[in-house]
Amino acid sequence: STLLISMGCAASTEVAPAVPVGDEAAAANATTAAPGQVSTTDGTPVTQGGLLRVAKSADTASALPINANPAVAADSSIAKWNGISPAVIRAAAAHGPTAIGSCITKAGRVSQQEALTWAADLDAKSTSAWLAALQVGLDALWYPLITSAESALKHDGQGQGGARRPTWESLTAAEMLKLLRSTSECVRGQGSEQSSSWTYADSCMTLLALIDAIWQQRLLSSVDGSRVDDSPFVNASLQRVLSMLGIALCRTVAVEDVSTFSAKLHMWASVQRDFGLERPRLCAALDAPSKSLLLYADTVSVADSKLKLEVSRALALWDAWPQWRSSACCSLARGRSGSVKLYPRFRLLNGRLEAGEGHGPRKELFAMFGQQMLFGAAKGKLAGAVSGAVAGVGAYVAAAATIPLFPYRKEARVHWFDAAEKRSEERESMYHFAGWLIAQSVCNRSPLGVALPPLLFAKLLAGDGFKPTLRALETFDPSAAAGVRAIHKLTIEEFESLANAEVEEGQRPPTREEYEASALKQLLVDAVSWQFDALKTGFEAVFPPEALRPLSFSAEQLAVAVCGPADDDADFDLRSTFRIIEDEEIAGCPALQSALWEVLDSWSTKDKRMVLQFVTGSERRPAAWTEAISIQMPFELDAADTTSATHMLGTLPQAHTCDNMLELPNYLAALCALRGVDYTFVKTQGGLTIEKQGREEKNAK
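Residue indices follow the written sequence of each chain, beginning from 1 at its first position. Where local features are concerned, this predicted model is filtered to residues with pLDDT of at least 70; where side-chain atom pairs are given and counted, the filter is 80 or more; whole-chain, interface and lining totals use all residues. As a rule here, side-chain values come from all non-hydrogen atoms in the structure, and water together with hydrogens is ignored.

Turning next to the overall build of the protein chain. Secondary structure elements follow DSSP: runs of H or I of four or more residues count as helices, runs of E of two or more count as strands, with numbering from the N terminus. Looking only at helices and strands, one finds 31 helices and 14 strands in the protein chain. Here the protein chain holds 701 residues, and 51% of them are scored as buried. Of the accessible surface of the protein chain, which amounts to about 30,500 Å², a share of 53% is contributed by carbon and sulfur atoms. Using a 1.4 Å probe on the protein chains alone, a residue whose accessible area is under 20% of its type maximum counts as buried, one over 50% counts as exposed, and one in between counts as partly exposed. Areas reported as accessible are Shrake-Rupley estimates using a 1.4 Å probe. Residue values count occlusion only from the protein chains shown.

What follows is the structure, given as structure tokens:
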């Protein structure tokens, strides 16, 4: 039986009946295959990790990427839900969407309170087993659907009868809804596109409800400062759904008309309703970039405006600050400003302004903001930059620009507020501006690209409810935590001497517990209260607590949403990082297409990052498939004119970072023109080596 890697419209995923509820023996004997990588029919890797679980029937077979360990035999120590165990769900998932849908339907729906009660009673072993099984169940439902939908978008946009089909370049939220609806019917082997609700929507909602219940328990347990690992919760198939939404909503990042954008979100709301992806349950299975997209959409739907800035690169933060203070954005930042897109123009040392103010310069600007918040301005670049600074602030810039907002704390190995910093109106305003920028980085789809500590975001999420705990201090500053913990090792006499020194005469000395609580509050709250309060005011002008709460961010996730995913020096593949959109000229010439990717794939990691910088305006990799790169060949060639061909061979590639667009001259056509080779033959027959032959016989090998 053939292993079907990519589910297409001609294949049915309904290949076997569900494993009976409670049939532990059947669950233990579920068929598994060795771990491997799944690829779609066009060779695009699906790097979800895990197993290929294969279910066979007389005429079809289905393949499913499983984000978990192999199915284990029934374990009586694992808690059940409505009579079924994780092993039963895994076995049902091995037989495809119908089987897992039947399994979940028989178990019944679950209310939010029932799910929370169930999750609260799970021990660590049961929690791990259930998370793995729930991920398997979601992938059984969503992997065939999203794979087929993505495959449809990779075609040339021509449907039956010449009707236009959506492509990655043209995809809208409305087309995404229609595509998912038609694909869901197609994958099930049914012809109608009229049904608005997916057959497995209720099953999807139930699986998400259970994941959400465990996630909420994990968030509750993190209020003491514990780090939250979201990797067992994030579903790779749903990430692909959200990356598709990102392309539909944010193909170009610009100021949105609120009413038009709200109409787009109405289409997304229909997707959520029809496919069982209702919030807040959905958010438990999403990673930071996906939640960041939803936060962006929510905020833009409130308000979206622009702020034009003229800044020098050396003093971007300090040049932008007075312009922000004098704009309407500053007064709005004391209420709720919504999204404000920044449009920078960079000022050179001679006072002139560089051309361009779109998304590429915007990403560069926010990266500068991040660097200068942590490190200040480079002293060697101050002189010329200050002389050209915005009138009236040169003196303050010269004095303050070298003082970072978050200096490096060597003992904690993090960047944090300076507790010894002198409070001033200007400095407080700078922290207010920094908090506003931290939030606007999400609205501008431009991460800061630096590492701010999760403690900052834990405090922003908790607001006035933040509790300074020893665990929080241990996570933030282990050496300081060791000092506080040492209080309990002092003798009675030593502690009494210490405690009495901290109080005025006649006051009751604190107990050890009271002394510890006071020390924690001083270290994590009081010592930097004015800086944090100012920053929080600016941040909440964009993201008030009620905007963040439905998305169920952990502190670590909010840090990634603002700062961007951690970026390392590991090699990467452009086609596994971006949605690649090729125009007809390059897609229709296999020789040219093959040569392009052979070259790009062979380059070093450093050179690939230079490509990212050139095309996108940032050398940092985005989360996989959340952005698109468009490759076009717009330059005209007169094949009969050798001068035109020579000129094209000498033309360099061009890029438009506003749209992540790379424009390439057609070097192959130019070579053909110069060497007397029929380009049409090369284009249709393929071949990577062009050979000039006789005048009567032209060929491409």
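Further remarks concern the confidence of the model for the protein chain. On a scale of 0 to 100, pLDDT captures the predictor's confidence in every residue. Confidence in the prediction of the protein chain, expressed as mean pLDDT, is 82, and 80% of residues score 70 or more. Contacts were defined at the residue level, with two residues in contact if any of their heavy atoms lie within 4.5 Å. Low pLDDT (under 50) marks residues 189–194, which in the prediction has four contacts with non-local residues, meaning those over four places away or in another chain. Note on residues 690–696: pLDDT is under 50 here. Beyond four places in sequence and across chains, it has 11 contacts.

Let us now look at the packing of aromatic side chains. Geometry of an aromatic ring pair is reported as the spacing of the ring centres plus the angle between the planes. Whether two aromatic rings pair depends on their centres lying within 6.5 Å, for rings of Phe, Tyr and Trp, where Trp uses its six-membered ring; planes under 30 degrees apart make the pair stacked, over 60 edge-to-face, and the rest tilted. For the coordinates displayed, the defined rule picks out 19 aromatic pairs. The interplanar angle of 90° and the centroid separation of 5.2 Å between the aromatic rings of Trp118 and Trp130 together place this pair among those described as edge-to-face. On the criterion of sequence distance, the pair formed by Trp118 in helix H4 (residues 112–120) and Trp130 in helix H5 (residues 124–153) is long-range, its members being 12 residues apart. For the pair formed by Trp118 and Trp130, the shared burial category is buried. Considering the side-chain rings of Phe261 and Tyr296, the 6.2 Å spacing of their centres and the 90° angle between planes classify their relative orientation as edge-to-face. Residue Phe261 is found in helix H9 (residues 258–274), and its partner Tyr296 is found in helix H10 (residues 288–300); the two are separated by 35 residues along the sequence. Residue Phe261 is classed as buried on the basis of its relative accessible area, which comes to 0%.

We define a salt bridge as a side-chain nitrogen of Lys or Arg found within 4 Å of a carboxyl oxygen belonging to Asp or Glu. Under the definition given, this model contains 25 salt bridges. Here Arg109 makes a salt bridge to Asp202, at a shortest N to O gap of 2.7 Å. With Arg109 in the loop between helix H3 (97–107) and H4 and Asp202 in helix H7 (residues 201–221), the pair connects residues that are 93 residues apart, well separated along the chain. In this structure, Glu411 engages Arg409 in a salt bridge whose closest nitrogen and oxygen atoms are separated by 3.0 Å. The structure contains a network of salt bridges with shared partners spanning Glu150, Arg240 and Arg579.

At a closest axis distance of 9 Å, the pairing of H3 and H7 adopts a crossing angle of 70°. When the axes of H3 and H7 are compared, the pair comes out roughly perpendicular. As for the relative orientation of H3 and H7, their crossing is left-handed in sense. For the pair H3 and H7, contact is made by Gly101, Ile104 and Thr105 and by Ser203, Thr206 and Leu207, respectively. In terms of residue class, the contact of H3 with H7 is made up of two nonpolar, four polar and no charged. Axis lines are fitted to C-alpha atoms, over the contacting stretch for helices. Their N-to-C directions set the angle, which ranges from 0 to 180 degrees. Any angle that is under 35 degrees is reported as roughly parallel, and any over 145 degrees as roughly antiparallel; angles of 65 to 115 degrees are reported as roughly perpendicular and all others as oblique. By convention, the crossing between two helices is left-handed when the near helix turns anticlockwise from the far helix through less than a right angle, and right-handed when the turn is clockwise. Note on residue classes: Ala, Val, Leu, Ile, Met, Phe, Trp, Tyr, Cys and Pro are nonpolar, Asp, Glu, Lys and Arg are charged, and everything else, Gly too, is polar.

Moving on to the sheet that holds strand S9 (residues 579–582). Any two strands are treated as partners once DSSP identifies two or more bridges connecting them. With mixed pairing, four strands are arranged side by side in an open sheet as S9-S10-S12-S11. Looking at strand neighbours, the two that pair on one side only are S9 and strand S11 (654–656), the edges of this open sheet. The average angle at which neighbouring strand axes cross in this sheet is 20°, direction not considered. Summarising the sheet, strand S10 (residues 628–632) and strand S12 (residues 661–663) pair through three bridges and their orientation is parallel.

Of note, the amide linkage connecting Arg279 to Pro280 takes the cis form, showing an omega dihedral of 5°. Counting through the fold element by element, Pro280 comes out in the loop between H9 and H10. Located in the positive-phi region is Asn82, a residue other than glycine, with phi close to 50°. Tracing the backbone shows Asn82 in the loop between strand S4 (61–66) and helix H2 (86–93). With a phi close to 50°, Arg445 is a non-glycine residue in the positive phi region.

In this section: the environment of Trp81. Counting through the fold element by element, Trp81 comes out in the loop between S4 and H2. Filtering out sequence-adjacent residues up to four positions away, Trp81 remains in contact with Ile104, Ala107, Gly108, Val110, Trp118, Trp130, Thr206 and Leu210.

Ranked by internal contacts, the top residues of the largest apolar core, which has 158 residues, are Phe369, Leu456 and Phe457. For Phe369, the contacting residues outside a window of four places in its chain are Ala316, Leu317, Ala320, Leu342, Leu437 and Leu448. Cys589, Leu600, Ile631 and Met633 belong to the second largest nonpolar core, which has 24 residues in total. Side-chain atoms within 4.5 Å are what join buried Ala, Val, Leu, Ile, Met, Phe, Trp, Tyr and Cys residues into a set we call a nonpolar core.

A few words now on the side chain of Lys341. With respect to the element layout, Lys341 can be found in strand S6 (residues 339–346). With residues up to four places along the chain from it excluded, the contact list for Lys341 reads Val253, Ala254, Val255, Tyr296, Val300, Asp304, Ser305, Lys306, Leu307, Arg362, Cys443 and Asn444.

Along the chain, the position of Thr657 falls in the loop between S11 and S12. Overall, Thr657 belongs to the buried group, its relative accessible area being 18%. Here Thr657 is in contact with His359, Gly360, Pro361, Gln613, Phe614, Val615, Thr616 and Gly617, once residues within four sequence places are set aside.

As a further point, take the environment of Ser148. Here Ser148 lies in helix H5. Separated by 35 residues in sequence, Ser148 and Thr183 place their C-alpha atoms 6.7 Å apart.

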